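One letter stands for each residue in the lines below.
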There are 4 protein chains.
Amino acid sequence: MAALSTYDKFKSLVSSGTDTERTSFFSDAIFAIAMTLLAVEIRVPEVPPEELPHALLEQGAQYFAYVLSFAVTGAYWLTHHRLFRLLRAYDANLQRINLVALLFIALTGFGSGVLARYGDQPAGVVVYAVIISGMGLSYTALWQYAWHRKLFGSDIDARLFSYMRARSLAVPLVFLASIPVAFFSPAAAEYLWLGVL
Amino acid sequence: MAALSTYDKFKSLVSSGTDTERTSFFSDAIFAIAMTLLAVEIRVPEVPPEELPHALLEQGAQYFAYVLSFAVTGAYWLTHHRLFRLLRAYDANLQRINLVALLFIALTGFGSGVLARYGDQPAGVVVYAVIISGMGLSYTALWQYAWHRKLFGSDIDARLFSYMRARSLAVPLVFLASIPVAFFSPAAAEYLWLGVL
Amino acid sequence: MAALSTYDKFKSLVSSGTDTERTSFFSDAIFAIAMTLLAVEIRVPEVPPEELPHALLEQGAQYFAYVLSFAVTGAYWLTHHRLFRLLRAYDANLQRINLVALLFIALTGFGSGVLARYGDQPAGVVVYAVIISGMGLSYTALWQYAWHRKLFGSDIDARLFSYMRARSLAVPLVFLASIPVAFFSPAAAEYLWLGVL
Amino acid sequence: MAALSTYDKFKSLVSSGTDTERTSFFSDAIFAIAMTLLAVEIRVPEVPPEELPHALLEQGAQYFAYVLSFAVTGAYWLTHHRLFRLLRAYDANLQRINLVALLFIALTGFGSGVLARYGDQPAGVVVYAVIISGMGLSYTALWQYAWHRKLFGSDIDARLFSYMRARSLAVPLVFLASIPVAFFSPAAAEYLWLGVL
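How each quantity is defined
Residues numbered from 1 in each chain as written. Chains lettered and ligands numbered in written order. Predicted model: local features only at pLDDT ≥ 70, side-chain atom pairs only at ≥ 80, totals over all residues. Heavy atoms only, no water. Salt bridge = Lys/Arg side-chain N within 4 Å of Asp/Glu carboxyl O. Helix = DSSP H or I, 4+ residues; strand = E, 2+ residues; numbered from the N terminus. Buried < 20%, exposed > 50% of the residue type's maximum accessible area, 1.4 Å probe, protein only. Contact = heavy atoms within 4.5 Å. Buried area = accessible area lost by both parts, 1.4 Å probe. Polar contact = N/O pair within 3.5 Å; in protein donor to acceptor, adjacent residues only side chain to side chain. Nonpolar A, V, L, I, M, F, W, Y, C, P; charged D, E, K, R; others polar.

A. Quick look at the pattern of salt bridges. Using the criterion set out here, one finds eight salt bridges over all chains in the structure. Put simply, Arg22 of chain D and Asp28 of chain C hold a salt bridge, and the shortest N to O gap is 2.9 Å. Of this pair, Arg22 of chain D sits in helix H2 (residues 20-38) while Asp28 of chain C sits in helix H2 (residues 20-38), on two different chains. Comparing Arg22 of chain D with Asp28 of chain C, the two get one shared label, buried. Residue Arg43 of chain D is joined to Glu41 of chain D by a salt bridge in which the shortest nitrogen-to-oxygen separation is 3.8 Å. The class for Arg43 of chain D is partly exposed, based on a relative accessible area of 47%.

The structure is reproduced here in structure tokens:
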């Protein structure tokens, strides 16, 4: 076997490998933290005691944003992170794409807070839709890249991959499609989202 | 063996399985984050220095809400998550029920904050009781579903399952029962809770 | 072997066991979250731009509280959680004592915030000393209980246990001793703490 | 074999070992929490609804600080924590150096908040550069110490180690170099940072 250059050795030891578990664990931790922090956007009312029932009922938009965000990120965790386990190896680019997806997941708390406060405004709905689409498209790009670089195990054939990719496009496409709708009716855009759950 | 449809193959690879450890890890992470965030509801007083002792003593309701919430979620983590390990497999519905339970667990910080501020108000006590009941009933539903779908290992027989289910109902039933009590006396409802610990 | 009662079977399957790893993981997660949240107590100054250097320098008490708290909890994580791995089994009481220790660990952020703001006040120093002592004494109690119930592996003999217990008492005893000192001089109490690091 | 003193036995059981996985897990958890909390520094605007689009666009500095901080800490997680796995053993000093690195990582949220608000001020840029340099230099020190104490596995030879060390110095040197630059032009310092990504 020819001698490896120092850089190649570094790359083979550090930038790529087959121990996808650790990346999976790290991603799971970010999902868990982001999902738990969603609840922080529901504020404890600061009103005189006798107005508490009224104040709690008025927070409907905060509860809606919480349940929606928990459901969307939870559903993503369920399917996409399980897909992650089907990878038999990773390389540096796959890791980078995964970090982009995690960057969007960590933003869901911000998106949820914007939606809770400005859910009747086009801009509020667009912020949320951009974050969820970004998360979804990052994962679709990740699967496409993994397929291209043959990083999946042999249990994934071309047909199954096409099916998976189509499924992974459903959520981001619906959220992308909701963006132009939001400029006419923020409420209509939100109804669209519920269709995908 | 007959050929599997693409959808069936996806389902068998992604939506169900026997590696319950990862779900258990994810749930543990949400428990750990939610429990640590409970302490964030105890505010650092913002008073002139000479009033600090008084201000700290006045926060009794915040300490009570913290210890109560830590004890209830901690006790749930101890018994229910250990039960989780007795599952020999999961399917997509079990995962969904678990996510509903986690949605309530992530809400305990909000509930604890409401209780700390409005613990003498019926509405404050009801918010807390609804969150804890929701967490408890989700887990009871999870065990019932797992039993129905034969997802437990062979070390769980019918008698043991009945015993487990009865135990898992104790906390949510007490918190549900405290809801009508709270309308007459918030303090009496809180005494009821202490009985279950 | 005589038939086990349903309760005994439940106990043997759920309340005790030898898989101490999961408890260790859960405790590690609470340590990690609590330590990361310590930094949240350092506030971004909200001043006119030209006053930023001055405002940053004035936050000395916040940096001190952060570094002290990170060092104390980090040191606890290092020694005490590694001790945890020497346990060969756990039971329900050990789990409860561990939860009490975690309750204090989750409080370090609150204690650190109080210290940063009121470090020159007896009451501020006492709050911090109580939280750290509570954490320390809980762990000493945990080792004592584990030794009493023979939950340690055979690599721990009586002499080693005595040594471990003595070491584990150092931090809480210093922090307890600092409480009366704080009433005369908060600064002197804080110097005492530095001696233990 | 000569009898070990109690202290030596304690040391061999508790202060050092070959199970580097747990430290790796703990460090990963702090990375994951710190990175997710970066998003908390992006504030939900509190403006009249019609001003939302404008308010969101004005938060450019917050988005920049978030993406930069997520990218820098994410890149550190990728390379440095994978290096951690090449260690075949640890001792108490290595653990302490690692805690110092984690102390800086937990500070990235504070640094990011300062940068978002005061990115056009020398002091704001310096705070950020100090935190990132501190993180980077801690890791370089960790590798140097590990090499000196022969804690790496045999797959790391002198040449590969030199290469790794040089790489690990790139980020902290650039951020250190940006500190004097910031006093003349904060913007120029930030351009320097982008060069290292």
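B. Main features of the interface of chain B and chain A. Between chain B and chain A, the contact holds 35 residues from the first and 44 residues from the second. Interface of chain B and chain A: buried area, both sides summed, is about 3,400 Å²; carbon and sulfur atoms make up 74% of it. Summed over the shared surface of chain B and chain A, the result is one salt bridge. Run the count over chain B and chain A and you get four residue pairs in polar contact (both at pLDDT 80 or more). Broken down by secondary-structure element, the contributors of at least two residues to the side of chain B that touches chain A are helix H1 (6-15), helix H2 (20-37), helix H5 (92-106), helix H6 (108-118) and helix H7 (122-148) of chain B. When residues of the side of chain B that touches chain A are assigned to their parent elements, the largest contribution, nine residues, is made by H2 of chain B. Looking at the side of chain B that touches chain A residue by residue, the class counts come to 22 nonpolar, eight polar and five charged.

C. A look at the environment of Ala129 of chain C. Residues and elements named next belong to chain C. By the secondary structure assignment, Ala129 is in helix H7 (residues 122-148). Residues Ala129 and Arg85, 44 residues apart in the sequence, show an inter-C-alpha distance of 27 Å. If we skip the residues at most four places from it in the chain, Ala129 touches Phe175, Ser178, Ile179 and Trp193.

D. Layout of the interface of chain C and chain B. Residue-level contacts link 35 residues of chain C with 44 residues of chain B. For the pair chain C and chain B, the summed buried surface comes to about 3,400 Å²; carbon and sulfur atoms form 74% of the total. Between the two partners, chain C and chain B, sit one salt bridge. Where chain C packs against chain B, one counts four residue pairs in polar contact (both at pLDDT 80 or more). Among the secondary structure elements, those contributing two or more residues to the side of chain C that touches chain B are helix H1 (6-15), H2, helix H5 (92-106), helix H6 (108-118) and H7 of chain C. When residues of the side of chain C that touches chain B are assigned to their parent elements, the largest contribution, nine residues, is made by H2 of chain C. For the side of chain C that touches chain B, a count of residues per class yields 22 nonpolar, eight polar and five charged.

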